[in-house]
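Analysis of the macromolecular model
Below, each chain spelled out in residue letters.
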Amino acid sequence: MVLCVFAGFALLCLLAWWLQGHGPFRSSLAVDDRQPQGPTPAEEHHAGANFAGKKGTLVGDCQLICKPSTLAQALLKTFHRSADLEARRWAWKSWPSLQTIAQLLWPPAQPLEFARDHLQLVDNGILALDWVVGPWKGDRNAPNTGDSSVLLVVPSTAGQITRNIQQLCQLALEQGYYPVIFNRRGHNSCPLTSPRLQPFGDPSDLKEAVAYIRFRHPTATLFAVSEGSGSGLLLSYLGECGSSSYLRGAACISPLLKCQEWFEAGAPWWYEWSLLLLQKRSLSRHAKALSEVMELDGVFGSCSLQDFEEALFCCRKSQATTWEAYWDCNDPLRDVDEVAVPVLCMCSVDDPVRGPPEDTLPWELFQSNPYFFLLLTPCGGHCGFLRKGPSPSSSSWGNTIILEYLHALVEFFHMEDRMQERPCRRSSVLHRRHQWGALPPREASPPSVQLHQSFSWQRSYTR
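Residues numbered from 1 in each chain as written. Predicted model: local features only at pLDDT ≥ 70, side-chain atom pairs only at ≥ 80, totals over all residues. Heavy atoms only, no water.

**A short note on the overall build of the protein chain**
Within the protein chain one finds 19 helices and eleven strands. Burial analysis of the protein chain (463 residues in total) assigns 56% to the buried set. Considering only contacts within the protein chain whose residues lie at least 6 apart along the sequence, 76% involve residues at least 24 apart. Put simply, the protein chain shows about 20,600 Å² of open surface, and 54% of that area lies on carbon and sulfur atoms. (Helix = DSSP H or I, 4+ residues; strand = E, 2+ residues; numbered from the N terminus. Buried < 20%, exposed > 50% of the residue type's maximum accessible area, 1.4 Å probe, protein only. Contact = heavy atoms within 4.5 Å. Areas by Shrake-Rupley, 256 points an atom, 1.4 Å probe, with all protein chains shown as cover.)

**Side note on empty space enclosed by the protein**
Counting across every chain of the model gives two cavities of 30 Å³ or more. A volume near 320 Å³ is recorded for the largest cavity. Around the largest cavity sit 24 residues that line it, and Thr 157, His 187, Gln 198, Gln 279 and Leu 312 are the ones nearest its centre. Split by residue class, the lining of the largest cavity holds 13 nonpolar, eight polar and three charged. (1 Å grid on protein atoms, 1.4 Å probe; cavity = no way out; pocket = protein on both sides within 12 Å on 5 of 7 lines; lining within 4 Å. Points joined across faces, edges and corners; volume = space filled by probe spheres on them. Nonpolar A, V, L, I, M, F, W, Y, C, P; charged D, E, K, R; others polar.)

**Concerning a negative patch on the surface**
A contiguous patch of negative charge, built from Glu 261, Glu 264, Glu 324 and Asp 328, is present on the exposed surface. Put simply, the parts of the chain that give the negative patch at least two residues each are α9 (259–265) and α14 (323–330). Here Glu 324 lies in helix α14. Note on Glu 324: relative accessible area 46%, which makes it partly exposed. (Patch = residues over 30% accessible without salt bridge, like charges linked within 9 Å, V, L, I, M, F, W, Y side chains within 5 Å. Salt bridge = Lys/Arg side-chain N within 4 Å of Asp/Glu carboxyl O. Lys, Arg positive; Asp, Glu negative; His and termini not counted. Charge placed at Lys NZ, Arg CZ, Asp CG, Glu CD.)

**Digging into the pattern of salt bridges**
Within this structure, the stated rule accounts for ten salt bridges. Between Asp 123 and Arg 185 there is a salt bridge; the shortest N-O distance is 3.0 Å. Taken together, the residues span a long stretch of sequence, with Asp 123 in the loop between β3 (113–120) and β4 (126–134) and Arg 185 in the loop between β6 (177–183) and α7 (204–216) at a distance of 62 residues. Given the relative accessible area of 35%, Asp 123 is considered partly exposed.

These figures come from the coordinates and say nothing about function on their own.
This is how it looks when you write it as structure tokens:
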């Protein structure tokens, strides 16, 4: 672990040195390194101007792109009040790769404390749910969410608990949420008890995790947030479950929405190789069990994320499939028309991992679907969105925006409920159509005795 931290820090310093000598700011830094010059507000606005003309409403130096609705107006009011979306100039802001690497490799000031539940699934596989229980900062008796709320956090496909996730969970904990991190089979010391891994967009394990969370907290409001490629799993779940997802709202931080095209186009070399090494290292612990169902030579010999994904899920010894057929079943947007809860996608124009927004974002989805909202920022990198500070160890202002969005949803739901109680007033069309993902009547839920018999779990405390 120590070697990984030092290696990450060395890579971060090397990248900073390269950007200083070769990046777009080398001339200004050579003149006066005490006054690093970033792009002017006009240049930052121009970075998203090509997309704003037909799509969005300006909020500070960001754009909210969505279909007009009552909820959209409520979110606009919330974002206009947020100081984090105001246009500002500072050194780290215009280095997207540096922001991305900082959130992936920079160690947190204090690690999270977990209470882990191991959940045995129908096929005898096991997944892990990490309930964040600390550390605490500030007043733990000052939640601002109104009712008790569970925040389900879905990491990327590599399963890494990044600095960004740690900051999000700690901030949510301080604001009165119950954060819980979803760990796929074999990830983060979760035992692999069956020779099956979770495909990119297969939500079957997430369904069981949500059912268990509802069993533990039957009266809590459930929200979900995904990071990076983890958005594929969350969006697949929302589309497949529709109005029965039991979520009241969701958010995706730097999502990958055109996933097949993203795999085929490739990611920046430093991201692709680091992700490959991380996933291969995780799989090496389960090589003996997985060798029964897949050709591991192709898996460990892969040199790209596409080759790795194809060798892992398409070239199996039994039930082999083609690359196209795999994505027919795992494309996160395959059932997007069935999504019935609000989804905020927070993306940056300069995201080095996702690629140019004009090619990698489904604009028509946000323009036509009233449940999808795109908050497009001019800077932020991939899951970066660092605050202004003397070093890249600053916290992410994106996490604050996500929690403000969830709080706005809670207030909007309460307002809609009050309007429904007045027969002379009409509530919004979306609320009448899908009830915003509200839980069905308690009679429709499985009896608690059956739920208890369906699940097997163990509790352990870890850091």
